[in-house]
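A closer look at the structure
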Amino acid sequence: MPEPSQTPPCPECRGAGYAVEQHLGRTARARRCSCQAACPRCGESGYVLVPGPGGSVAQTCACRHLDERIALFNQIGIPAAVAKASFESFKSWSPDHAHARAVCEDFARKFRLDKPTQGFLLAGTPGGGKTHLLAATLRYLALEKGVGGRYAEFMLVLSDMKAGFTANRSHMDILGPLIRVPVLAIDELGKERGTDWERSMLDELISRRYNSGLTTLFATNYAFEERHLPEQPGRVVRTRSADFQREAEAMSLAQRVGDRVYSRLHEMCAFVRLEPGHDLRKDAAGSGSIWKP
Ligand SMILES: [Zn+2]
Ligand SMILES: [Zn+2]
């Protein structure tokens, strides 16, 4: 939490008051910046005295808000690979990129907890920065606005549910927290196998959120237009052979998630294309500089 002063901002956090780093190589973790280690305003009591109508009144110090926001951020589960992802660190390489970033940033800035806000769905081949933008949006909401969120890959949610069944836990033990969180970001949508059970779980999760007026964001590697592949309803492929992989990659999002979920997505989200045309991460490995999550 920056304090208005003439001194130059802290070089580590540039006045933000917090720093974000990887935690155990798995998730992103925020902490108070060292410049905020001991609060100069409240001496760590958490309260400051401000003049009131009948004398001084105690007020929560701004550092407590910072701690609350850091705690919210640390619950999101942002993957370590995009730990430092922010709107500022997102590089726009095409009009598509600039547009996608503008949509996400506009959403984050305008988001309000007290009224339903339409979400967005980012679609494009891997390497376009979709996960970066999801992480940047959740980060902004938590650290700048105090809004709680959760990042989830739906395939991993399904794995947790299946593991829960053997331990006699209901699917709601897993879905419940995801249904209630103010903003949920689902990454890798459509990567699951697409069985009826998987689709019904996805439908339950997003429909309940929609009916509660809660916002859900998505990212998918599948295009939202038809790719002229013959529809084969009811077909479930249980192998991960190279043939299947190639065929699955050529499918559209509607074919991957099914018509019911697809039309629900349309009601909930603005669809945004984010096609890099080339893999920025591979380029970054070669040139060493352009991809900065
Ligand atoms: Zn600092
Ligand atoms: Zn304080």
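Procedures and definitions
Chains are numbered independently. Their residues run from 1 in the order of the written sequence. Here chains are named by letter from A upward and ligands by number from 1 upward, in the order in which they appear as written. Whole-chain, interface and lining totals are the exception, using all residues; otherwise, since this is a predicted model, local features are given only for residues with pLDDT of at least 70 and side-chain atom pairs are given and counted only at 80 or more. To obtain the side-chain values, all non-hydrogen atoms of the structure were used and water was disregarded. Any N, O or S atom lying within 2.8 Å of the metal counts as a donor, and for Na, K and Ca the limit rises to 3.2 Å; water is left out, so some sites can look incomplete. Classification of residues uses two cut-offs on accessible area relative to the type maximum, computed with a 1.4 Å probe and protein chains only: under 20% is buried, over 50% is exposed, and between them is partly exposed. Runs of E in the DSSP output that reach at least two residues are strands. Runs of H or I that reach at least four are helices, and both are numbered from the N terminus. Under the convention used throughout, the expected extent of a helix is 1.5 Å for every residue step, that is, one less than its residue count. By arc we mean the arc of the directions from the helix axis to the C-beta atoms, nothing more. Two residues form a contact once any of their heavy atoms are found within 4.5 Å. Being paired, for any two strands, means DSSP has found at least two bridges between them. Fitted lines through C-alpha atoms serve as axes, helices being fitted only where they are in contact, and the angles separating the N-to-C directions of these axes extend from 0 to 180 degrees.

**Considerations on the coordination of the zinc ion (ligand 2)**
- Surrounding the zinc ion (ligand 2) are the protein donor atoms C39 (SG), C42 (SG), C61 (SG) and C63 (SG), which sit 2.2 to 2.4 Å from the metal.
- Written as a sequence motif, the donor residues of the zinc ion (ligand 2) are C-x2-C-x18-C-x1-C.
- The class for C39 is buried, based on a relative accessible area of 4%.
- Among the residues examined, C42 registers a relative accessible area of 10% and is labelled buried.

**Overview of helix α1 (residues 62–74)**
- The first and last C-alpha atoms of α1 sit 19 Å apart over 13 residues, in line with the 18 Å expected at 1.5 Å per residue.
- Inspection of α1 places C63, L66, I70 and F73 among the buried residues, and these make up the whole buried set. Viewed end-on, α1 has its buried residues packed into an arc of 70°, placing them on one side of the element.
- In this fold, the buried residues of α1 make contact with β1 (18–23), β2 (27–32) and α3 (130–145).

**Brief notes about the sheet that holds strand β7 (residues 183–187)**
- Reading across the sheet, the five strands line up as β6-β7-β8-β5-β9 and stay open at both edges, with parallel pairing between neighbours. Edge positions in the sheet fall to β6 (149–153) and β9 (269–273), since each has one partner strand and no second. Here the average twist between neighbouring strands, direction ignored, is 15°.
- Here five bridges tie β6 to β7, and the two strands are oriented parallel to one another. When the sheet's bridge partners are listed, R150 is paired in β7 with L184.
- With respect to the sheet, helix α4 (residues 154–166) is in contact with β6 and β7, its orientation differing from that of β6 by roughly 85°.
- Strands β5 (119–123), β8 (215–220) and β9 of the sheet are contacted by helix α9 (residues 259–268), whose axis makes an angle of about 100° with β9.

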